[in-house]
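Geometric and topological summary
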Number of protein chains: 2
Amino acid sequence: MRLELFAIPGIPEVQPGDDVGAILAQAARASGEELRESDIILVAQKIVSKSEGRFRVLSEIVPSDEALDIAKRCGKDARKVQAILDESSAILRVSNATPDGIIIARHKSGWVSANAGIDESNLGSTDGQLLLLPIDPDESASRIAESILRCTGEKPGVIVTDTFGRPWRKALVNVALGTSEVPPIISWVGKTDAYGRRLNVSEQALADELAAASGLLMVKNAGKPAVVVRGLQWDRASRATCREYVRPVEQDLFT
Amino acid sequence: MRLELFAIPGIPEVQPGDDVGAILAQAARASGEELRESDIILVAQKIVSKSEGRFRVLSEIVPSDEALDIAKRCGKDARKVQAILDESSAILRVSNATPDGIIIARHKSGWVSANAGIDESNLGSTDGQLLLLPIDPDESASRIAESILRCTGEKPGVIVTDTFGRPWRKALVNVALGTSEVPPIISWVGKTDAYGRRLNVSEQALADELAAASGLLMVKNAGKPAVVVRGLQWDRASRATCREYVRPVEQDLFT
């Protein structure tokens, strides 16, 4: 099995209401590539959220007392803190270790990340706007896959990715927020190794591995928000959801 | 830029004292591939540790009172707990949530992972042995790269990988434990996006992205412990070390 990875070139600036799947299919075709049923397309959350109009205008946000208190502790704009609170089910850590402050939050979807995944870079718009995560990244991925199917007659796997930090490792990696038909987890439970022993890798985070791989080509400042992985042998999972990755709070050893 | 990923087939069972670099170069050649200066070779920790003889025999381990106490709390063999204690600078969490118990430890090298990276699967040897991480995975990677250079005249980048869990995401991904000349972190600090705004990705975990990508092909039960990434444009960093990933304890918000 050989894998080929390439970024889809020439993707225009995405606007609210845009059909991301159609944009990707057309950009791929214009570059001489046809997207295939067996491909997996990794799409940066940023263009998905833009197409879904997931913006908030800072000047319209009135911070609560809780937001004002957290802002004081971490040095972040209280309106941004309010936006983070509005997206989160829990605030896990607040730190002033960086100039912008650090807020680690559990997003309502279950993701634990910095700033509840809210983004203010690469917005391609006036200052004072924030970009939120898609409401349902699995649904976003499915919509993109269906739209590619309409444009090309082929329905690839689609994964919506975002870039997360890690608690004990510096720097960031792409992870999978939403999936269309690509299984997030491959279970090796019950399978044995060449010597008949239980495998130490019980569950493989397939969609996260794909997302991290796409990070090699999603150069953040060069407009490459979509990457194609070709050649992977994968089984379609019609009910696949990245919510499988969310560790239940009661199993969380670290918050 | 197009990336090609493939596993090196036909790698024999590695024994203590084996020259992993020579084994990889010969296996690649036997499969019709010559390793190239611009390639990056991802090598599973397991075969590196085996070649370095990093075994411990369970029956020779005498558990301390601390090990016996932790074993009681998590249900793990006290001798395995002692081996974990011997490899670790700190025990962060102990849980009996799984039949084997869970011990999250900070390895003396700084890595935070389950069981201090100690492995008892795929050992290809009699029961009762444990496999420890390499003493210096950067040094291991450099040795492998030098050995490939001697065999082929080309010195690829080499990354030694292991499979880690994540605190808030289920399932496991490959991460980089050691590197030869592949920079672990690419800093985008000070660079701006297409709109002149600071990038939200300040630091890209390049070696971890490569490690995770290799996980797509390192099928755990099919003897594919080495993967080649070809086509990546990367700058050699002669002093590269995966210790760059270790977040200083004083910056750790979660233990």
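Rules behind the numbers
- Residues numbered from 1 in each chain as written.
- Chains lettered and ligands numbered in written order.
- Predicted model: local features only at pLDDT ≥ 70, side-chain atom pairs only at ≥ 80, totals over all residues.
- Heavy atoms only, no water.
- Helix = DSSP H or I, 4+ residues; strand = E, 2+ residues; numbered from the N terminus.
- Buried < 20%, exposed > 50% of the residue type's maximum accessible area, 1.4 Å probe, protein only.
- Polar contact = N/O pair within 3.5 Å; in protein donor to acceptor, adjacent residues only side chain to side chain.
- Salt bridge = Lys/Arg side-chain N within 4 Å of Asp/Glu carboxyl O.
- pLDDT = per-residue confidence, 0-100.
- Phe/Tyr/Trp six-rings, centres within 6.5 Å; stacked < 30°, edge-to-face > 60°.
- Pairing = 2+ DSSP bridges.
- Axes fitted to C-alpha atoms, helices over the stretch in contact; angles between N-to-C directions.
- Contact = heavy atoms within 4.5 Å.
- Parallel < 35°, antiparallel > 145°, perpendicular 65-115°, else oblique.
- Left-handed = near helix turned anticlockwise from the far one by under 90°.
- Nonpolar A, V, L, I, M, F, W, Y, C, P; charged D, E, K, R; others polar.

**Some points on the environment of Asp77 of chain B**
Residue and element names in this part refer to chain B. Here Asp77 lies in the loop between helix 3 (65-74) and helix 4 (78-87). Here Asp77 falls in the partly exposed class, since its relative accessible area comes to 27%. Separated by 14 residues in the primary sequence, Asp77 and Pro63 have C-alpha atoms spaced 9.3 Å apart. Polar contacts involving the side chain of Asp77 include one to the side chain of Arg79, which spans 2.7 Å.

**Digging into the pattern of salt bridges**
Oppositely charged side chains are able to pair whenever their charged atoms sit close together. All chains considered together, the criterion is met by 42 salt bridges over all chains. Residue Glu139 of chain B is joined to Arg143 of chain B by a salt bridge in which the shortest nitrogen-to-oxygen separation is 3.7 Å. With Glu139 of chain B and Arg143 of chain B both in helix 5 (residues 137-152) and four residues apart, this pair spans about one turn of that helix. Among the residues examined, Arg143 of chain B registers a relative accessible area of 42% and is labelled partly exposed. Shared partners join several salt bridges into a network, and the residues in it are Arg2 of chain A together with Glu4, Glu33, Asp39 and Arg230 of chain B.

**Describing the confidence of the model for chain A**
Mean pLDDT over chain A works out to 92, with 93% of the residues at or above the 70 mark. As a predicted assembly, this complex carries a pTM of 0.95 together with an ipTM value of 0.95.

**Considerations on the packing of aromatic side chains**
Residue and element names in this part refer to chain A. In the structure shown here, the tally under the stated rule is two aromatic pairs over all chains. Pairing Trp168 with Phe254 gives two aromatic rings, centres 4.7 Å apart and planes at 70°, and the pair type is edge-to-face. In this pair, Trp168 is assigned in the loop between strand 8 (157-164) and strand 9 (173-180) and Phe254 in the segment after strand 12 (226-230), connecting sequence segments 86 residues apart. You can call Trp168 buried: its relative accessible area is 10%. Overall, the relative accessible area of 4% leaves Phe254 in the buried class.

**Some thoughts on the sheet that holds strand 4 (residues 88-95) of chain A**
Residue and element names in this part refer to chain A. As summarised here, the arrangement of the three strands in space is 4-5-6, forming an open sheet in which the pairing is antiparallel. At either end of the open sheet lies a strand with only one pairing partner, and these are strand 4 and strand 6 (112-114). Here the average twist between neighbouring strands, direction ignored, is 25°. The pairing of strand 5 (residues 102-107) with strand 6 spans three bridges and is antiparallel. Each bridged residue has a counterpart across the sheet, and for Ala105 the counterpart in strand 6 is Ser113. Contacts between helix 3 (residues 65-74) and the sheet are confined to strand 4 and strand 5, with strand 4 contributing the most and set at about 30° to the helix. Against the sheet, helix 4 (residues 78-87) touches strand 4 and strand 5, its axis set at about 135° to strand 4.

**Let's talk about the packing of helix 6 (residues 206-215) of chain A against helix 6 (residues 206-215) of chain B**
Interhelical geometry of helix 6 of chain A versus helix 6 of chain B gives an angle of 135° and a closest axis separation of 8 Å. Comparing the axis directions of helix 6 of chain A and helix 6 of chain B gives the class oblique. Seen from above, helix 6 of chain A lies across helix 6 of chain B with left-handed handedness. When helix 6 of chain A is examined against helix 6 of chain B, the residues Glu209, Ala212, Ala213 and Gly215 of chain A are found in contact with a partner set consisting of Glu209, Ala212, Ala213 and Gly215 of chain B. Looking at the contact of helix 6 of chain A with helix 6 of chain B, its residues break down into four nonpolar, two polar and two charged.

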